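Residue strings, one per chain:
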Amino acid sequence: MSTFARRLSLWKLLATASEPLSLADLARRCGVSKNTAQRDLDALSAAGVGVVEERRGQRLYFSLAPGEWAPSAGHRSAARSERRR
């Protein structure tokens, strides 16, 4: 899997999660090390994706900021759909 595809998958994981996901869980789901998952999260954040980091004890948890746009096939926000009419 390319770096771009992996980061897109990570973004989709965050967008569809019902609660924040730990760094270890994100790494496991993407099949990479925690260091690689952290670099990918940093890259998404640097690209303008609203990644929220939360520390709970010794673990880091990640989610998307409320209202953050999420990548998905054919997804359009209500406001964007309204403008097209």
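Let me sum up the structure you'll find in this document. Every value quoted in this text rests on a predicted model; they were computed, and no experiment measured them.

About the criteria used
- Within each chain, residues carry numbers counting from 1 in the order of the written sequence.
- For a predicted model such as this one, the threshold for reporting local features is a pLDDT of at least 70, and the threshold for listing and counting side-chain atom pairs is 80 or more; totals across whole chains, interfaces and linings nevertheless cover every residue.
- Side-chain numbers come from the whole structure's heavy atoms, not from hydrogens or water.
- Working definition: helices are DSSP H or I runs of at least four residues, strands are E runs of at least two. Numbering for both runs from the N terminus.
- Categorising residues by exposure relies on relative accessible area from a 1.4 Å probe, with only protein chains included: less than 20% of the type maximum marks a residue as buried, more than 50% marks it as exposed, and the intermediate range marks it as partly exposed.
- Working definition: rings of Phe, Tyr and Trp (its six-membered ring) pair if their centres are within 6.5 Å, and the pair is stacked with planes under 30 degrees apart, edge-to-face with planes over 60 apart, and tilted otherwise.
- Two conditions define a charge sitting above a ring: the NZ of Lys or the CZ of Arg must be within 6 Å of the ring centre, and it must be within 35 degrees of the ring normal.
- Expected span of a helix, by definition, is 1.5 Å for each gap between consecutive residues, and there is one gap fewer than residues.
- The arc in question is the one traced by the directions running from the helix axis out to the C-beta atoms.
- To obtain an axis, a line is fitted to C-alpha atoms, over the contacting stretch when the element is a helix, and the angle between two such axes runs from 0 to 180 degrees between their N-to-C directions.
- Relative orientations are named as follows: roughly parallel for angles under 35 degrees, roughly antiparallel for angles over 145 degrees, roughly perpendicular for angles from 65 to 115 degrees, and oblique for any other angle.
- Only heavy atoms matter for contacts: two residues are in contact if any of them lie within 4.5 Å across the pair.
- Basically, the charged four are Asp, Glu, Lys and Arg, the nonpolar ten are Ala, Val, Leu, Ile, Met, Phe, Trp, Tyr, Cys and Pro, and anything else, Gly included, counts as polar.

Here we come to the overall build of the chain. When helices and strands are counted, the chain shows four helices and three strands. Reading the helices (α) and strands (β) of the chain from amino to carboxyl end gives α-β-α-α-β-β-α. Per-residue burial over the chain gives 32% buried out of 85 residues.

What follows deals with the packing of aromatic side chains. Within the structure shown, the criterion is met by zero aromatic pairs. Over the ring of tyrosine 61 we find arginine 56; its NZ or CZ atom is 4.3 Å from the centre of that ring.

Glancing now at helix H1 (residues 3-16). Look at H1: 20 Å from first C-alpha to last across 14 residues, which is about the 20 Å you get at 1.5 Å a residue. Residues Arg6, Leu10, Trp11, Leu13 and Leu14 constitute the buried set of H1. One face of H1 carries all of its buried residues, which in axial projection span an arc of 160 degrees. Seen from the open side of H1, the exposed residues pointing more than 90 degrees away from its buried face are Phe4 and Thr16.

Next up on the list: the packing of helix H2 (residues 23-30) against helix H3 (residues 34-46). It is the contact of H2 with H3, at a shortest axis distance of 8 Å, that shows an interaxial angle of 100 degrees. Relative to H3, the element H2 lies roughly perpendicular. Where H2 abuts H3, its residues Leu23, Ala24, Leu26 and Ala27 lie against Lys34, Ala37, Gln38 and Leu41. When its residues are assigned to classes, the contact of H2 with H3 shows six nonpolar, one polar and one charged.

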